[in-house]
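Take a look at the letters that make up each chain.
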Amino acid sequence: MSVRAPGELSGIGMTSLRTRARMVERLREQGVADERVLAAMGTVPRHLFVDEALRHRAYEDTALPINYGQTISQPYVVARMIEVLATGRKGRRELGKVLEIGTGCGYQAAVLASIAAEVYTIERIRELHDRARRNLLGLKLSNLRLVHGDGRAGLEQAAPFDSIVLAAASSEVPEALLRQLARGGRMVLPLRRGGAREQQRLVLVERMGHGFEETELELVRFVPLESGKA
Ligand code: SAH
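Residues numbered from 1 in each chain as written. Predicted model: local features only at pLDDT ≥ 70, side-chain atom pairs only at ≥ 80, totals over all residues. Heavy atoms only, no water.

1. Observations concerning the site of the ligand
Then, in step 1: In the region of the ligand, 26 residues are neighbours, and Ser73, Gln108, Glu123, Gly151 and Glu226 sit closest.
Then, in step 2: At 2.8 Å, a backbone N or O of Gln108 approaches an oxygen atom of the ligand.
Then, in step 3: A distance of 3.3 Å is found between a nitrogen atom of the ligand and a backbone nitrogen or oxygen belonging to Arg124.
Then, in step 4: Protein chains bury 100% of the 580 Å² of accessible surface belonging to the ligand in isolation. (Near = heavy atom within 4 Å. Polar contact = N/O pair within 3.5 Å; in protein donor to acceptor, adjacent residues only side chain to side chain. Areas by Shrake-Rupley, 256 points an atom, 1.4 Å probe, with all protein chains shown as cover.)

Okay, here's the thing in structure tokens:
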């Protein structure tokens with residue numbers, strides 16, 4: 001009788017290794033070029049972050065539901081946001097200490113933690129925070145801290161952050177997050193821009209010696225940034 005590690009060697013495991021490699025190739029074709037990001041996306045088992053019934057779709061380039069009206073972000077958007085943090089306008093650098101707002105299922109947090117020195121992630125919905133903790137257990141990422149709270153207030157006790165990333169859309173950059181961004185630091189977030197047909201655009205905010213500089217990137221679609229804990 002042969003004993004196999006569950007998951008990686010059989011069934012979904014084999015499939016996921018291959019499909020993950022294909023996902024990384026697709027990301028390259030879509031223009032993601034940072035090898036650190038591609039390697040991390042090729043390593044983190046995305047299928048473990050979605051419900052069993054949706055696992056066969058985990059590596060499609062699409063957002064998927066994770067309950068409570070929330071979603072796991074599309075692979076391209078996860079890769080793109082991390083790449084923007086790591087390359088910005090002033091060139092390539094380390095992610096340093098990272099704050100993520102909107103843990104959701106914990107997927108992006110896992111990708112971040114496999115690249116960055118230190119990662120803090122905040123989720124406002126208790127059940128999702130608990131589920132993310134369970135999803136992440138097996139990955140043993142000792143540099144990742146999960147917090148249940150309202151991410152609009154940031155995390156004063158761990159600030160300043162070299163990188164901040166939001167996985168939920170607002171109409172303005174939350175004040176507290178600007179204050180908690182280190183000098184030379186970068187924040188990437190989806191911002192709602194008014195107009196008849198409301199659009200969301202990914203925006204890069206860089207903290208310079210004298211203030212903040214904004215760069216508008218591509219159109220995106222995220223769940224809204226909400227207030228308070230749930
Ligand atoms: N990072 C996730 C995406 C999660 S979707 C991934 O890897 O796929 C965005 C998440 O932001 C949702 O779980 C939602 O509950 C959470 N959210 C919305 N407003 C928030 C707030 N003010 N503070 C913390 N989390 C928030």
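2. Quick word on the pairing of strand β4 (residues 118–123)
Then, in step 1: Here β4 lies mainly inside the structure; five of its six residues are buried.
Then, in step 2: Both strand β3 (residues 97–101) and β4 contribute to a ladder of five bridges, which runs parallel. Bridging across to β4, Glu100 finds its partner in Thr121.
Then, in step 3: The parallel pair β3 and β4 is bridged by helix α4 (residues 107–113), and the resulting crossover is right-handed.
Then, in step 4: Of the crossover connections in this fold, the one passing from β4 over helix α5 (residues 126–137) to the parallel strand β5 (residues 144–148) is right-handed. (Buried < 20%, exposed > 50% of the residue type's maximum accessible area, 1.4 Å probe, protein only. Helix = DSSP H or I, 4+ residues; strand = E, 2+ residues; numbered from the N terminus. Pairing = 2+ DSSP bridges. Right-handed = clockwise from strand over helix to strand, strands pointing away.)

3. So, the pattern of salt bridges
Then, in step 1: Taken as a whole and judged by the stated rule, the model has 14 salt bridges.
Then, in step 2: A salt bridge links Glu35 to Arg28; the shortest N-O distance between them is 2.9 Å.
Then, in step 3: For Glu35, a relative accessible area of 46% gives the class partly exposed.
Then, in step 4: With relative accessibility at 36%, the residue Arg28 sits in the partly exposed group.
Then, in step 5: We note a salt bridge from Glu198 to Arg192, for which the minimum N-O separation is 3.8 Å.
Then, in step 6: Of the residues examined, Arg192 reaches a relative accessible area of 24% and is grouped as partly exposed.
Then, in step 7: Through salt bridges with shared partners, a single network forms among Arg193, Arg201, Glu214 and Glu216. (Salt bridge = Lys/Arg side-chain N within 4 Å of Asp/Glu carboxyl O.)

4. As for the packing of aromatic side chains
By convention here, two paired aromatic rings are described through the distance between centres and the angle between planes.
Then, in step 1: Counted according to the given criterion, the structure contains two aromatic pairs.
Then, in step 2: Look at Phe49 and Tyr107: their rings are 5.7 Å apart centre to centre, the planes differ by 70°, and that puts the pair in the edge-to-face class. Of the two residues, Phe49 is situated in the loop between α2 (35–43) and β1 (64–65) and Tyr107 in helix α4; the sequence distance between them amounts to 58 residues.
Then, in step 3: By relative accessible area, which is 3% here, Phe49 ends up buried.
Then, in step 4: Ring geometry for Tyr120 against Phe161: centres 6.0 Å apart, planes inclined by 70°, an arrangement best described as edge-to-face. Separated by 41 residues along the polypeptide, Tyr120 in strand β4 and Phe161 in strand β6 (residues 161–166) bring together distant segments of the chain.
Then, in step 5: Residue classification places Phe161 among the buried positions, given a relative accessible area of 0%.
Then, in step 6: Across from the ring centre of Tyr107, 4.8 Å away, lies the NZ or CZ of Arg46, which sits over that ring. (Phe/Tyr/Trp six-rings, centres within 6.5 Å; stacked < 30°, edge-to-face > 60°. Lys NZ or Arg CZ within 6 Å of the ring centre and 35° of its normal.)

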